[in-house]
Amino acid sequence: MRKPLVVALCALALAGAGATPAVAAAPSPTGADTTTGTAPATSLTDVVNDTVGSVADTLSGLTAPKSAAVNFAGTVSLSNCSGSVVRMPDSAASDPALVLTNGHCLESGFPAPGQVLTDQASSRTFGLLNASGAKVATLRADRLVYATMTDTDAAIYRLNTTYAQIKSSYGIDPLTLSSSRSAAGTAISVVSGYWKRIYSCSVDGFVHRLKEGDWTWKDSVRYTSACDTIGGTSGSPVVDDATGEVVAVNNTGNEDGARCTVNNPCEVDENGGVTVRQGINYAQQTYPFTACFTTGNRLDLSASGCTVPKP
């Protein structure tokens, strides 16, 4: 799973600061609630994340090429991951806004295999980014609407602000979830709010079953090698370059070439054959969620066509 990397760059970025970033294994919400047009004071964690991201890109020289049509507007940074403010195809401006990230990015830790969480109280905060990647606000959730690491790896939060309020205060629109399954060869961008970096590549294909440790995901997206995502990119929206719609949520990659272990997922085909692709990264498709939300952005797992795992 793509959690933040704690590397020597942290020490360089924080020299003299007398502080270190929160460990990925024990994430916690940070930042103040903001529902007006005034941007909040930046927290120490925000400074750490922004500084480490900038230093990482500067020292590595690996800033990825960016599609002209894709930018950071509507993406968010979490304390331990990336994410985005999203709408369903039929969401209204007056609906409470939703944030999409990974199930393994939950502040409470990884959901167990087979576990599905719904309608839980949350006060998680998210740093809202503008087109250039600058943080313009801190948004706050009031509910965890849905989260699981079974069949997919996704979490959806409900904010205490509407799309219209976000647009009025910050001039930022949500990203729209596509209601259609993506296709091999589609040009995509993986937009990380945590690192403020955009990775550009294509959909290489789809994986019948992707197994990582105790978790198994279905019909996962496999990227071409140009999307060499790293820790902290978990939860990034995967955007179709042609439509600007979100088609998947970035979640993992095989780091060491190991077989089916944590941070080293393996592909399992319909006949049980296992393939390991070291250095290749993956995402989970998001189109199934569009059938599971009704008027007012309410989750309805019994809705016709809703096929996501249920509690």
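Whatever comes next refers back to the structure up there.
Residues numbered from 1 in each chain as written. Predicted model: local features only at pLDDT ≥ 70, side-chain atom pairs only at ≥ 80, totals over all residues. Heavy atoms only, no water.

### What about the pattern of salt bridges?
No. 1: All chains considered together, the criterion is met by ten salt bridges.
No. 2: Across the pair Arg 181 and Asp 219 runs a salt bridge, and its minimum N-O distance is 2.7 Å. Residue Arg 181 is found in the loop between strand S8 (175-176) and strand S9 (187-192), and its partner Asp 219 is found in strand S11 (residues 215-223); the two are separated by 38 residues along the sequence.
No. 3: The exposure class assigned to Arg 181 is partly exposed, which follows from its relative accessible area of 41%.
No. 4: A salt bridge links Glu 267 to Arg 277, with the nearest nitrogen and oxygen atoms 2.8 Å apart. (Salt bridge = Lys/Arg side-chain N within 4 Å of Asp/Glu carboxyl O. Helix = DSSP H or I, 4+ residues; strand = E, 2+ residues; numbered from the N terminus. Buried < 20%, exposed > 50% of the residue type's maximum accessible area, 1.4 Å probe, protein only.)

### Side note on the side chain of Ser 182
No. 1: For Ser 182, the location among the structural elements is in the loop between S8 and S9.
No. 2: In contact with Ser 182, other than residues within four places in its own chain, are Val 203, Phe 206, Val 247 and Gln 285. (Contact = heavy atoms within 4.5 Å.)

### Thoughts on the packing of aromatic side chains
Here a ring pair, both rings aromatic, is described through the centre-centre distance and the interplanar angle of the planes.
No. 1: In the structure shown here, the tally under the stated rule is four aromatic pairs.
No. 2: With 5.2 Å between their ring centres and 75 degrees between their planes, Tyr 194 and Trp 195 make a pair best called edge-to-face.
No. 3: Here Tyr 194 falls in the buried class, since its relative accessible area comes to 8%.
No. 4: A relative accessible area of 5% places Trp 195 in the buried class.
No. 5: Taking the ring centre of Phe 206 as reference, the NZ or CZ of Arg 181 above it sits at 4.1 Å. (Phe/Tyr/Trp six-rings, centres within 6.5 Å; stacked < 30°, edge-to-face > 60°. Lys NZ or Arg CZ within 6 Å of the ring centre and 35° of its normal.)

### Re the state of the cysteines
No. 1: If you walk through the whole model with that rule in mind, you get four disulfides.
No. 2: Cys 201 shares a disulfide with Cys 227; S-S distance 2.1 Å. Residues Cys 201 and Cys 227 share a disulfide whose torsion about the S-S bond is about -100 degrees; that sign makes it left-handed. Linking Cys 201 in strand S10 (residues 197-212) with Cys 227 in the loop between S11 and strand S12 (237-240), this pair joins segments that are 26 residues apart in sequence. Of the two residues, Cys 201 and Cys 227, neither departs from the other in class, the shared state being buried.
No. 3: Between the sulfur atoms of Cys 292 and its disulfide mate Cys 306 the distance is 2.1 Å. The disulfide joining Cys 292 to Cys 306 has a torsion of about 100 degrees about its S-S bond and is therefore right-handed. Separated by 14 residues along the polypeptide, Cys 292 in the loop between strand S16 (281-285) and strand S17 (293-294) and Cys 306 in the segment after strand S18 (298-299) bring together distant segments of the chain. When sorted by exposure, Cys 292 lands in the same class as Cys 306, which is buried. (Disulfide = S-S within 2.5 Å.)

### As for helix H3 (residues 163-170)
An α-helical turn contains 3.6 residues, so any two residues separated by three or four positions project in the same direction.
No. 1: All of the buried residues in H3 are Tyr 163, Ile 166 and Tyr 170. The buried side chains of H3 occupy one side of the element, clustering within an arc of 65 degrees when seen end-on.
No. 2: Where H3 is buried, its residues meet strand S2 (82-87), strand S3 (96-101), strand S5 (125-129), strand S6 (135-148) and strand S7 (154-162).
No. 3: Once H3 ends, the next one or two residues include Gly 171, with phi positive near 70 degrees. (Arc of directions from axis to C-beta.)

### Looking at the pairing of S3
No. 1: Burial analysis of S3 places five of its six residues in the buried class, which makes it a mostly covered element.
No. 2: Alignment of S3 against S7, held across five bridges, turns out to be antiparallel. When the bridges of S7 are listed, Pro 96 appears paired with Thr 162. (Pairing = 2+ DSSP bridges.)

### Details of the environment of Thr 224
No. 1: Turning to its location among the elements, Thr 224 is positioned in the loop between S11 and S12.
No. 2: Residue class for Thr 224 comes out partly exposed when judged on its relative accessible area of 27%.
No. 3: Linking Thr 224 and Ser 202, residues 22 residues apart in sequence, is a C-alpha distance of 5.6 Å.
No. 4: Excluding anything up to four places from it in sequence, Thr 224 contacts Cys 201, Ser 202 and Asp 204.

### Examining the nonpolar core
No. 1: Counting 50 residues, the largest nonpolar core has Val 85 and Leu 128 as the members making the most contacts within it.
No. 2: If you list the elements that add at least two residues to this core, you get S2, S3, strand S4 (116-121), S5, S6, S7, H3 and strand S13 (246-253).
No. 3: Residue contributions to this core peak at eight residues, all from S6.
No. 4: Once residues within four sequence positions are removed from consideration, Leu 128 is found in contact with Gly 74, Thr 75, Val 76, Val 85, Ala 134, Lys 135, Val 136, Ala 137, Leu 139, Ile 166, Tyr 170 and Ile 172.
No. 5: Residues Ile 188, Tyr 199, Val 203 and Ala 248 belong to the second largest nonpolar core, which totals twelve residues. (Core = buried A, V, L, I, M, F, W, Y, C linked by side-chain atoms within 4.5 Å.)

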